[in-house]
Amino acid sequence: MRKPFIAANWKMNKTIGETKSFLDEFIPLVKDAKDVDIIIAPPFTSLGIASAMLKDTNIQLSAQDIFYEEKGAFTGEVSPVMLADAGCEHVIIGHSERRQYFHETDEIVNKKIKAARKQGLDVIFCIGESLEERESGKTLDVLEREVENGLKDVPADGIVVAYEPIWAIGTGKTATIEQAQEAHKYIRERLASIYGNKANEIRILYGGSVTPDNVDSLMACEDVDGALVGGASLKPDSFARIVKFKK
Ligand code: 13P
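Summarised in this report is the structure supplied together with it.

1. Focus on the nonpolar core
Okay, so step 1: By size, the foremost hydrophobic cluster in this structure holds 67 residues, and its most contacted members are Phe26, Leu191 and Phe239.
Okay, so step 2: In terms of nonpolar packing, the next biggest core, distinct from the first, is built from 11 residues, Phe5, Ile124, Val160 and Leu228 among them.

What follows is the structure, encoded as structure tokens:
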């Protein structure tokens, strides 16, 4: 049985004060939610306040990115040691916005995953095709390449995969249930070719315009084990409803 995993990716949103207001409202809303991993990934500047407020709650903390070196002359970057020290248990790696705007390659993503795991951080590893790739029939090839390159020489433990079709991110266009299940099943097959039976334990999240209105049907798909939520995670009531999805 794979435990559902519902994660909020706030992207570049919320000041420290806004993080505090969100958590003041959100923590009580989900305190009785059981049998689900609840994760919040605020921006770096809010990790401190979030870590303090999430202590002794059922909510775990994630960063949105990481650098692969431990320390040194890398202006602006944040190391695995620093994230663990700041209270993070998870880190999002390879988000399409990082790949698109900050030129992250599969090779960089792979280095980041290894560095995070070395420090004991769990990884939310993002993959997904662009609209152009989908329309030209390349979706499965892209997923195969991203899985194989991203997870090269990475053991299965501590890895969660997030399938985020780029055309569904922030657009209000969700993948259909059939598109989501097809992609997730294919990803699981690719994981099985690397990890064998252990692939059945790896959680695969769907991300891309997840809302309180579509989460139940997405979570009903056999290979959808959770959600990575952007826009709809910014409001406490909306994200709480997603956490409390109905199967
Ligand atoms: P939206 O939920 O805003 O489409 O964002 C999805 C996403 O990119 C989460 O990482």
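On we go from here.
2. Brief notes about the sheet that holds strand β4 (residues 90–93)
Okay, so step 1: Around the barrel, which closes on itself, the 8 strands sit in the order β1-β2-β3-β4-β5-β6-β7-β8 with parallel pairing between neighbours. Taking each pair of neighbouring strands and ignoring which way they run, the sheet shows an average axis angle of 25°.
Okay, so step 2: Here strand β1 (residues 5–9) runs beside strand β2 (residues 37–41); their pairing, made up of 5 bridges, is parallel. Along β2, the bridge assignment pairs alanine 7 with isoleucine 39.
Okay, so step 3: Contacts from helix α10 (residues 236–243) reach β1, β2 and β8 (226–229), with the element oriented near 155° to β1.

3. Looking at the packing of aromatic side chains
Okay, so step 1: The tally for this structure, following the rule as stated, stands at 6 aromatic pairs.
Okay, so step 2: Here arginine 98 stacks its cationic end above the ring of phenylalanine 102, 4.1 Å away from the centre of that ring.

4. Points about the environment of phenylalanine 102
Okay, so step 1: Examined against the element boundaries, phenylalanine 102 turns out to sit in the loop between α4 (96–101) and α5 (106–118).
Okay, so step 2: Each C-alpha atom, one on phenylalanine 102 and one on threonine 75, is 15 Å from the other, the two residues being 27 residues apart in sequence.

5. A short note on the site of the ligand
Okay, so step 1: In the vicinity of the ligand lie 13 residues, with Lys11, His95, Gly170, Ser209 and Gly231 positioned nearest.
Okay, so step 2: In the model, an oxygen atom of the ligand is placed 2.9 Å from a nitrogen or oxygen of the glycine 230 main chain.
Okay, so step 3: Interatomic distance of 2.8 Å between a backbone N/O atom of glycine 231 and an oxygen atom of the ligand.
Okay, so step 4: Burial of the ligand by the surrounding chains reaches 94%, relative to a free accessible area of 310 Å².

6. Section: the pairing of strand β6 (residues 159–163)
Okay, so step 1: Extensive coverage of β6 is indicated by the burial of 5 of its 5 residues.
Okay, so step 2: Alignment of strand β5 (residues 122–127) against β6, held across 5 bridges, turns out to be parallel. Pairing of isoleucine 127 across the sheet is with tyrosine 163, part of β6.
Okay, so step 3: Relative to strand β7 (residues 204–207), β6 runs parallel, the two sharing 3 bridges. By the bridge assignment for β7, valine 161 is matched with isoleucine 204.
Okay, so step 4: The parallel pair β6 and β7 is bridged by helix α8 (residues 177–195), and the resulting crossover is right-handed.

7. Overview of α5
Okay, so step 1: In this model α5 runs 18 Å from its N-terminal to its C-terminal C-alpha over 13 residues, within 8% of the 18 Å that 1.5 Å per residue would give.
Okay, so step 2: Listed as buried for α5 are Asp106, Val109, Asn110, Lys112, Ile113, Ala115 and Ala116.
Okay, so step 3: In this structure, the buried residues of α5 make contact with α3 (80–85), β4, α4, β5, α7 (139–150) and β6.
Okay, so step 4: Phi for glycine 120, located one or two positions after α5, is positive at around 85°.

8. Quick word on the pattern of salt bridges
Okay, so step 1: Under the defined criterion, the tally for this structure stands at 25 salt bridges.
Okay, so step 2: Here arginine 188 and aspartate 225 are joined by a salt bridge, their closest N and O atoms 2.8 Å apart. Of this pair, arginine 188 sits in helix α8 while aspartate 225 sits in the loop between α9 (215–219) and β8, and the two are 37 residues apart along the sequence.
Okay, so step 3: In this structure arginine 188 comes out as buried when scored by relative accessible area, which is 7%.
Okay, so step 4: The class for aspartate 225 is buried, based on a relative accessible area of 6%.
Okay, so step 5: One network of salt bridges, in which partners are shared, links Arg2, Arg188, Asp223 and Asp225.

Rules used throughout
- Residues numbered from 1 in each chain as written.
- Predicted model: local features only at pLDDT ≥ 70, side-chain atom pairs only at ≥ 80, totals over all residues.
- Heavy atoms only, no water.
- Core = buried A, V, L, I, M, F, W, Y, C linked by side-chain atoms within 4.5 Å.
- Buried < 20%, exposed > 50% of the residue type's maximum accessible area, 1.4 Å probe, protein only.
- Pairing = 2+ DSSP bridges.
- Helix = DSSP H or I, 4+ residues; strand = E, 2+ residues; numbered from the N terminus.
- Axes fitted to C-alpha atoms, helices over the stretch in contact; angles between N-to-C directions.
- Contact = heavy atoms within 4.5 Å.
- Phe/Tyr/Trp six-rings, centres within 6.5 Å; stacked < 30°, edge-to-face > 60°.
- Lys NZ or Arg CZ within 6 Å of the ring centre and 35° of its normal.
- Near = heavy atom within 4 Å.
- Polar contact = N/O pair within 3.5 Å; in protein donor to acceptor, adjacent residues only side chain to side chain.
- Areas by Shrake-Rupley, 256 points an atom, 1.4 Å probe, with all protein chains shown as cover.
- Right-handed = clockwise from strand over helix to strand, strands pointing away.
- Expected span 1.5 Å × (residues − 1).
- Salt bridge = Lys/Arg side-chain N within 4 Å of Asp/Glu carboxyl O.

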